[in-house]
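Inside the fold
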Amino acid sequence: MKTTTWIANTLAFTLAAASLPAADKKAQRRSADLPPTLEGAKVETYKTIGDVKLSIYIYTPPNHQASDRRPAIVFFFGGGWRSGSPKQFEQQCKYFASRGMVAMTADYRVSSRHQTKAIACVKDGKSAIRWVRANAARLGVDPQRIAAGGGSAGGHVAACTGVLKGLEEEGEDVTVSSAPNAMVLFNPALALAPVEGHAPLGGDNMDGLKDRMGIEPEKLSPCHNVSKGAPPTLVIHGKADTTVPYWTAEAFAKAMKEAGNRCELAGYDGQQHGFFNFGRGDGKHFIETVRRADQFLASLGYLKGEPTIDKFAAGLK
């Protein structure tokens, strides 16, 4: 990639840190109204650290029983590790619950509310997956069918739970795995260090990126920490994304496949960052990306039958 293209891509991400794209601006506005109200969700505290209690919002299938062993998915919101709200994935949770999964969206620490670095976001993501697995019996969840999902910075958090070793929260029972069994990632930030001639997200200001991460960026870069045995993954990404360029998703998918892991990359022509969000545009891409995620989860045996997203979306209008 030419240097001018490097500058264009990395500048876009640097500007995004100060001025989030439309989808993340919506998440930022929602973060001012916290804790959020998610209609129909059961709310539990999955982690207490200091005086901070972190909530997880749980949607269950109709007639769900604790004796069930349903597949589960945990979503993490976007917002640049700085802001955002679990409400971002409310409709995806409702949909997947209607399809038979226990679907959850988790809060985690962000810099605007908790003065934390991105490393804390990752630790919280791991804690959330561990909490679901540790409580699987009473939640009616199959502990061997837990997926992690998320968008943008939340996609980064989800990816880190699947590929990063260590970075567990001190004092937790690490005999209970914090790794998901599958991942569904929406325009995730996957490359925080140089990749095959590409500049990293954040550009040449690696000291600034290190400060934002709270650790050497490469140690929080999913693309640089892939190993054999990583969970099967679907990456959904807009090809015209100028905040998290499409090449980052391609690089991650390549690393996953070279390590012998399953990774599917669904690229969407002409689509920018956050195109998948509910409420964006005419809703077409919300429907398309949920359908694609449904098909992927069905291929793993997490769901049965054909997607019902068209019927679900019609009920939202």
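Residues numbered from 1 in each chain as written. Predicted model: local features only at pLDDT ≥ 70, side-chain atom pairs only at ≥ 80, totals over all residues. Heavy atoms only, no water.

**What to know about the nonpolar core**
Note the threshold: What we call a nonpolar core is a set of buried Ala, Val, Leu, Ile, Met, Phe, Trp, Tyr and Cys residues that are connected through their side-chain atoms within 4.5 Å. Burial classes follow relative accessibility: with a 1.4 Å probe on protein chains only, a residue under 20% of its type's maximum area counts as buried, one over 50% as exposed, and anything between as partly exposed. A run of DSSP states H or I qualifies as a helix once it reaches four residues; a run of E qualifies as a strand once it reaches two. Both are numbered from the N-terminal end.
Of all hydrophobic cores here, the largest spans 54 residues; its most connected members are Ile56, Phe76, Tyr108, Val132, Leu220 and Phe252. Looking at which element gives the most residues to this core, the answer is helix α5 (residues 118-134), with 8 residues. Counting 33 residues, the second largest nonpolar core, distinct from the first, contains Tyr268, Ala293, Phe296 and Leu303.

**Notes on the side chain of Glu44**
Note the threshold: Between N or O atoms, a polar contact is any pair within 3.5 Å; within protein, one atom must be a potential hydrogen donor and the other a potential acceptor, and residues adjacent in sequence are included only when both atoms are from side chains. We call two residues in contact when some of their heavy atoms are within 4.5 Å.
Residue position: Glu44 is located in strand β1 (residues 42-49). In this structure the side chain of Glu44 is engaged in a polar contact, spanning 3.3 Å, whose partner is the side chain of Lys42. At 2.6 Å, the side chain of Glu44 forms a polar contact with the side chain of Arg138. If near-sequence neighbours (up to four positions away) are discounted, Glu44 is found in contact with Leu54, Ser55, Ile56, Ile58, Trp131, Arg138 and Leu139.

**Observations concerning the pairing of strand β3 (residues 70-76)**
Heads up, the rule is: Here the rule is simple: two strands pair whenever DSSP picks up at least two bridges between them. With the strands aimed away from the viewer, a crossover counts as right-handed if its path from the first strand over the helix to the second runs clockwise.
Burial analysis of β3 places 6 of its 7 residues in the buried class, which makes it a mostly covered element. The pairing of β3 with strand β5 (residues 141-151) spans 6 bridges and is parallel. Bridging across to β5, Phe75 finds its partner in Gly149. Pairing of β3 with strand β4 (residues 102-106) involves 5 bridges; the strand directions are parallel. Note that in β4 the partner of Ala72 across the bridge is Val102. Crossover β3 to β4 through helix α3 (residues 90-98) is right-handed.

**Section: unusual backbone geometry**
Comment: phi is negative for the bulk of residues other than glycine, and the bulk of peptide bonds are trans. Despite not being glycine, Gln115 shows a phi value in the positive range, around 55°. With respect to the helices and strands, Gln115 occurs in the loop between α4 (111-114) and α5. A positive phi is found at Ser152, a non-glycine position, where the angle reads about 60°. Tracing the sequence through the fold places Ser152 in the loop between β5 and α7 (153-163).

**Things to note about α5**
Under the convention used in this document: A helix's residues, less one, multiplied by 1.5 Å, set its expected span.
Its 17 residues give α5 an end-to-end C-alpha distance of 24 Å, which sits within 8% of 24 Å, the value for a rise of 1.5 Å per residue. Taken across its 17 residues, α5 has 15 buried, putting it largely inside the fold.

**Considerations on α3**
Here α3 lies mainly inside the structure; 8 of its 9 residues are buried. Within α3 the residues assigned to the buried category are Glu90, Gln91, Gln92, Cys93, Lys94, Tyr95, Phe96 and Ala97. In this structure, the buried residues of α3 make contact with β2 (52-59), β3, β4, α10 (284-299) and α11 (309-314).

**Observations concerning the packing of aromatic side chains**
Selection rule: Pairs were defined over the aromatic rings of Phe, Tyr and Trp, the Trp ring being its six-membered one, requiring ring centres within 6.5 Å. Orientation was assigned from the angle between planes: stacked under 30 degrees, edge-to-face over 60, tilted for the rest.
Counted according to the given criterion, the structure contains 12 aromatic pairs. Where Phe76 meets Tyr108, the ring centres are 6.3 Å apart and the plane angle is 65°; that geometry is what we call edge-to-face. Of this pair, Phe76 sits in strand β3 while Tyr108 sits in the loop between β4 and α4; the two residues are 32 residues apart in sequence, bridging distant segments of the chain. A connected cluster of aromatic rings, assembled from ring pairs, spans Phe75, Phe89, Tyr95, Phe96, Phe186, Tyr268, Phe275, Phe276 and Phe312.

**Focus on the pairing of β5**
Most of β5 sits inside the fold, with 9 of its 11 residues counted as buried. Pairing analysis gives 5 bridges linking β5 to strand β6 (residues 182-186), with the strands arranged parallel. Residue pairing for β6: Gly151 is matched across the bridge by Phe186. Taking the sense of rotation as the criterion, the β-α-β connection linking β5, α7 and β6 turns out right-handed.

**Some words on the environment of Pro217**
Structurally, the position occupied by Pro217 is in the loop between α8 (206-213) and β7 (233-238). C-alpha separation for the pair Pro217 and Ala193, spaced 24 residues apart in sequence, amounts to 6.3 Å.

**Topic: the pattern of salt bridges**
Selection rule: Here, a salt bridge means any side-chain nitrogen of Lys or Arg that lies within 4 Å of a carboxyl oxygen of Asp or Glu.
Applying the stated criterion to the full structure yields 24 salt bridges. The salt bridge involving Glu90 is made with Lys87; its shortest N-O contact spans 2.8 Å. Classification of Glu90 by relative accessible area gives buried; the value is 7%. A relative accessible area of 31% places Lys87 in the partly exposed class. Put simply, Glu264 and Arg292 hold a salt bridge, and the shortest N to O gap is 2.5 Å. Linking Glu264 in strand β8 (residues 263-268) with Arg292 in helix α10, this pair joins segments that are 28 residues apart in sequence. Classification of Arg292 as partly exposed rests on a relative accessible area of 21%. Connected through salt bridges with shared partners, the residues Glu39, Lys87, Glu90 and Lys94 form a single ionic network.

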